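# Summary of structural features
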Amino acid sequence: MSNSGQLNNLSLASRIGGKLEKKDVLLAVEKYEKYHAAYEGEEEDRKANYTDLVNKYYDLATSFYEFGWGDSFHNAPRWKGETIRESIKRHQHFLALQLGLKPGQKVLDVGCGIGGPLREISRFTLTSVTGVNNNEYQISRGKELNRAAGVEKNCDFVKADFMKMPFPDNSYDAVYGIEATCHAPDAYGCYKEIYRVLKPGHYFAAYEWCTTDSFNPNNREHQKIKADIEIGDGLPDIRTTGKCLEALKQADFELIWEKDIALDSPLPWYLPLDKNHFSLTNFPATSVGRFVTRNMVRILEFVGLAPKGSQRVQIFLEQAADGLAEGGRKGIFTPMYFFLARKPLSEDR
């Protein structure tokens, strides 16, 4: 995916590990791996230590994401003849339109990554968008990209946990999350905090990562796919679509509509992650691209330009891509379960 902010080989190597010292990357990889099922980690430990889990993940993975994916770390349904980048932008515009954003409004992006979506949505709707992120490296990178795009006046970042945000009640005209609140250890707690900072009568929309009704928790193959996605994407667990809806209602949101957007994608949403699908526009994800990147990282790590442990990060990210593609192919996982919800006005309650 071409993007003006996308990293080249040497900048990838220099940024692996985020804010971690190069000497600490391997230890961080080892600690991160131990949270997950393949290393006998437990779900409850991942939930209890979700801040450390997610921070370690994004310190280790962000530069690889940007290298292969540009500045918007999410999936999108795609039409035939449409580029990946075009589909990503359309997916963001769709969400902005569902929220009914108007020029001058204050919008909150929970779990904003390095800010690709918030920059696009701000420019598309002429709104001011604040991104909440608990990872220091992603915020520093996002600010760098904001300056390069000339959007500092309308786009900013706040370092915070979206489970306990430092904003007054009823602060924002709209809130959204794009494949981000899946990192929350408790959906109800996350949605309730979003409810608190959202103005009455206004909207919250999200694309959630979920298992579908076709997922069988007793099927070993399904279990492995789920575990591969969790370790490769820094997740404490993957919720069902039903759990998301239940949490929204518990948080007192009024559900407007919901749907698995992946079901209507003319091209499979997971195609860019499928190593057997050759694409020049997303070359790093192909078998040949992975081979090239893997060997490039191996050489850069050997000569000391990339920190020790970089190859292991590349391996679990490939594991994630395979898990996502297989989960999508079997219809047991979706990264774009969409819902639009409203915080009722006081007289509605």
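Everything below is about the structure printed above this text.
Here the structure is a predicted model, which means the values were calculated and not measured.

Here is what the cut-offs are and how they apply
- Residues numbered from 1 in each chain as written.
- Predicted model: local features only at pLDDT ≥ 70, side-chain atom pairs only at ≥ 80, totals over all residues.
- Heavy atoms only, no water.
- Helix = DSSP H or I, 4+ residues; strand = E, 2+ residues; numbered from the N terminus.
- Rg over C-alpha atoms; globule rule 2.2 N^0.38 Å.
- Buried < 20%, exposed > 50% of the residue type's maximum accessible area, 1.4 Å probe, protein only.
- Phe/Tyr/Trp six-rings, centres within 6.5 Å; stacked < 30°, edge-to-face > 60°.
- Lys NZ or Arg CZ within 6 Å of the ring centre and 35° of its normal.
- Expected span 1.5 Å × (residues − 1).
- Contact = heavy atoms within 4.5 Å.
- Pairing = 2+ DSSP bridges.
- Right-handed = clockwise from strand over helix to strand, strands pointing away.
- Axes fitted to C-alpha atoms, helices over the stretch in contact; angles between N-to-C directions.
- Nonpolar A, V, L, I, M, F, W, Y, C, P; charged D, E, K, R; others polar.

This part covers the overall build of the protein. Scanning the protein from N- to C-terminus turns up 12 helices and 8 strands. For the protein, the C-alpha radius of gyration of 19 Å lies close to 20 Å, the compact-globule estimate for 349 residues. Taking the principal axes of the C-alpha coordinates as reference, the protein spans close to 65 × 50 × 45 Å. Out of the 349 residues belonging to the protein, those deemed buried represent 59%.

All right, on to the packing of aromatic side chains then. Tallying each qualifying case throughout the model produces 20 aromatic pairs. When the centroid spacing of 5.3 Å and the interplanar angle of 75° are considered together, the rings of Phe-167 and Tyr-172 count as edge-to-face. With relative accessibility at 11%, the residue Phe-167 sits in the buried group. When the ring centre of Tyr-195 is taken as origin, the NZ or CZ atom of Lys-343, which lies over that ring, is 4.8 Å away.

This paragraph deals with helix H5 (residues 84–99). The end-to-end C-alpha separation of H5 is 23 Å, in line with the 22 Å expected for 16 residues at 1.5 Å each. Among the residues of H5, those classed as buried are Ile-84, Arg-85, Ser-87, Ile-88, His-91, Gln-92, His-93, Leu-95, Ala-96 and Leu-99. Structurally, H5 contributes buried residues whose contacts are with helix H4 (50–69), helix H6 (116–125), strand S4 (172–178), strand S5 (198–211) and strand S8 (333–342). At the C-terminal side of H5, Gly-100 shows a positive phi close to 65°.

The next subject is the pairing of S5. Side-chain direction in a regular strand flips from residue to residue, so the side chains alternate between the two faces of the sheet. Across the 14 residues that make up S5, a large majority, 10, are buried. Relative to S5, S4 runs parallel, the two being bridged by 6 bridges. Opposite Gly-177, over in S5, you have Ala-206 as the bridge partner. Inspection of the sheet shows S5 paired to strand S6 (residues 239–240) by 2 bridges, in the parallel sense. In the sheet register, Thr-211 faces S6, and the bridge partner there is Thr-240. Read from S5 through helix H9 (residues 220–233) to S6, the crossover connection turns out right-handed.

Between helix H2 (residues 25–33) and helix H12 (residues 310–330), the least distance of the axes is 9 Å, while the angle of their chain directions is 35°. Judged by residue contacts, Leu-26, Val-29, Glu-30, Tyr-32 and Glu-33 of H2 engage Arg-312, Val-313 and Phe-316 from H12. Per-class residue counts for the contact of H2 with H12 are 5 nonpolar, no polar and 3 charged.

Turning to unusual backbone geometry, a few remarks are in order. Of note, Leu-126 is a non-glycine position whose phi angle comes to about 60°, a positive value. Within the secondary structure, Leu-126 is located in the loop between H6 and strand S2 (128–133). Taking relative accessible area as the criterion, Leu-126 reaches 60% and is therefore assigned exposed. In this structure, Asn-170 is a non-glycine residue whose phi angle is positive, near 55°. Tracing the sequence through the fold places Asn-170 in the loop between strand S3 (155–159) and S4.

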